[in-house]
Amino acid sequence: MASSLSSLASMVVWKPMHKSENMISKKRNNNNFVVFAQQEVQESTSLQQEEEKEAAKPVKGVTQPRPVEPQVNVESKNMGRQYGGQWLSSTTRHVRIFAAYIDPETCAFDQTQMDKLTLILDPTDEFVWTPETCSMVYSYFQELVDHYEGAPLTEYTLRLIGSDIEHYIRKLLYEGQIQYNMNARVLNFSMGKPRVGFSYNEYQAEDVNQ
Amino acid sequence: MQGNLSAWLVKHGLIHRSLGFDYQGIETLQIKPGDWHSIAVILYVYGYNYLRSQCAYDVAPGGLLASVYHLTRIEYGVDQPEEVCIKVFAPRRDPRIPSVFWVWKSVDFQERESYDMLGIYYDNHPRLKRILMPESWIGWPLRKDYIAPNFYEIQDAH
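Predicted, not measured: the structure shown is a model, and the values here were computed from it. (Residues numbered from 1 in each chain as written. Chains lettered and ligands numbered in written order. Predicted model: local features only at pLDDT ≥ 70, side-chain atom pairs only at ≥ 80, totals over all residues. Heavy atoms only, no water.)

## Focus: the UniProt feature "domain: NADH:ubiquinone oxidoreductase 30kDa subunit" (unreviewed entry) in chain B
- As annotated by UniProt and renumbered to match this structure, "domain: NADH:ubiquinone oxidoreductase 30kDa subunit" (unreviewed entry) occupies residues 30-148 of chain B.
- Spanning residues 30-148 of chain B, this segment combines 22% helix with 28% strand, and its end C-alpha atoms are found 31 Å apart. (UniProt positions renumbered as here; feature names shortened; annotations may be inferred. Helix = DSSP H or I, 4+ residues; strand = E, 2+ residues; numbered from the N terminus.)

See the structure below:
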């Protein structure tokens, strides 16, 4: 558990652009955790904090993530063995969802705030992410959380949400909106090898025997 | 065609149905869920002190759920112990079968597995909860009408 948290810290902090997302979701479980869906867009490391965040024009028709105030003095809470030592999470290669509040800079894992879902997007950098594609995934995450409102807060539902986001990322890949990162540490094309599109109109295969 | 045990049960007036013999020559009986807890004790007293295995299966989509018990007698100096196979059929809407944990202890985990995979609820089982699937799983995986959700599994990755 401690090792996984430190590996998480080491993988997230050195990235120039943070791709993590905090979202407060409304889920109902036996303990009556009921919260509203909001979202906090994480921005980069301290180096880029001086830069003003560009106010992107909201695209009509796309679900805009609702903002959440950033928190200070977040500490890792409830990570010890006496609390069960586990957390509700869904972890796949590109999508990690935790039912906790993870501070973007310090990576403090606050488990007492189980009303929030934190999404960490592609920590291994298998794809090339731009702010536009990131915001597409975030808005899809927001839509999913709204859709799953009222569901019990279990790992089962978190896995369903994570799988839906992974299918969405694969759809973006097949449409060409995101690309594989050729400088990735592990380049194994996990969502399908790149293919030549024979249906492209502008690409004419040259005849060899000319 | 009736076996010895079936004849003995008929002699004592216990309601059952004989399902004949399977390919290994083990006689098979069908017992109703309501009578099962009493007949289990009767069989234990008769001498079947070892529950070899308990399994369950889905008979047909939309049909019954079967819970199967293989009983045998463990004793010294016997080459071919007596065996019997009991099938208890439960309706799909309310699959409740009395647990025989208090008769044969080894049925503990096996009934938990049948509950986990098929949803057969065993009454009076001391700790009936999921044993193979994660605790928060929804659905009974080995039922014939179970559809797994579209999870992004590792085999999707190339």
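## Examining the state of the cysteines
Residue and element names in this part refer to chain B.
- With the rule as written, the count across this model stands at zero disulfides over all chains.
- C85 forms no disulfide, and the closest cysteine sulfur to it belongs to C55, at a distance of 7.3 Å.
- For C85, a relative accessible area of 4% translates into the label buried. (Disulfide = S-S within 2.5 Å. Buried < 20%, exposed > 50% of the residue type's maximum accessible area, 1.4 Å probe, protein only.)

## Side note on unusual backbone geometry
Residues and elements named next belong to chain A.
- A positive phi is found at D122, a non-glycine position, where the angle reads about 50 degrees.
- Structurally, the position occupied by D122 is in the loop between β7 (116-121) and β8 (127-128).
- Even without a glycine there, the phi angle at D125 is positive, about 55 degrees.
- With respect to the secondary-structure elements, D125 resides in the loop between β7 and β8.

## Brief notes about the sheet that holds strand β5 (residues 83-90) of chain B
All names here are of chain B.
- Taken in spatial order, the five strands line up as β1-β2-β5-β4-β3 in an open sheet, and their pairing is mixed. Two strands close off the open sheet at either side, each with one partner strand: β1 (17-21) and β3 (50-58). Pairs of neighbouring strands in the sheet enclose a mean axial angle of 20 degrees, with direction left out of account.
- Taken strand by strand, helix α1 (residues 4-11) contacts β1, β2 (27-31) and β5, and its axis lies near 35 degrees from that of β2.
- On the sheet, helix α2 (residues 33-46) packs against β2, β4 (65-72) and β5 and is oriented at approximately 160 degrees with respect to β5. (Pairing = 2+ DSSP bridges. Axes fitted to C-alpha atoms, helices over the stretch in contact; angles between N-to-C directions. Contact = heavy atoms within 4.5 Å.)

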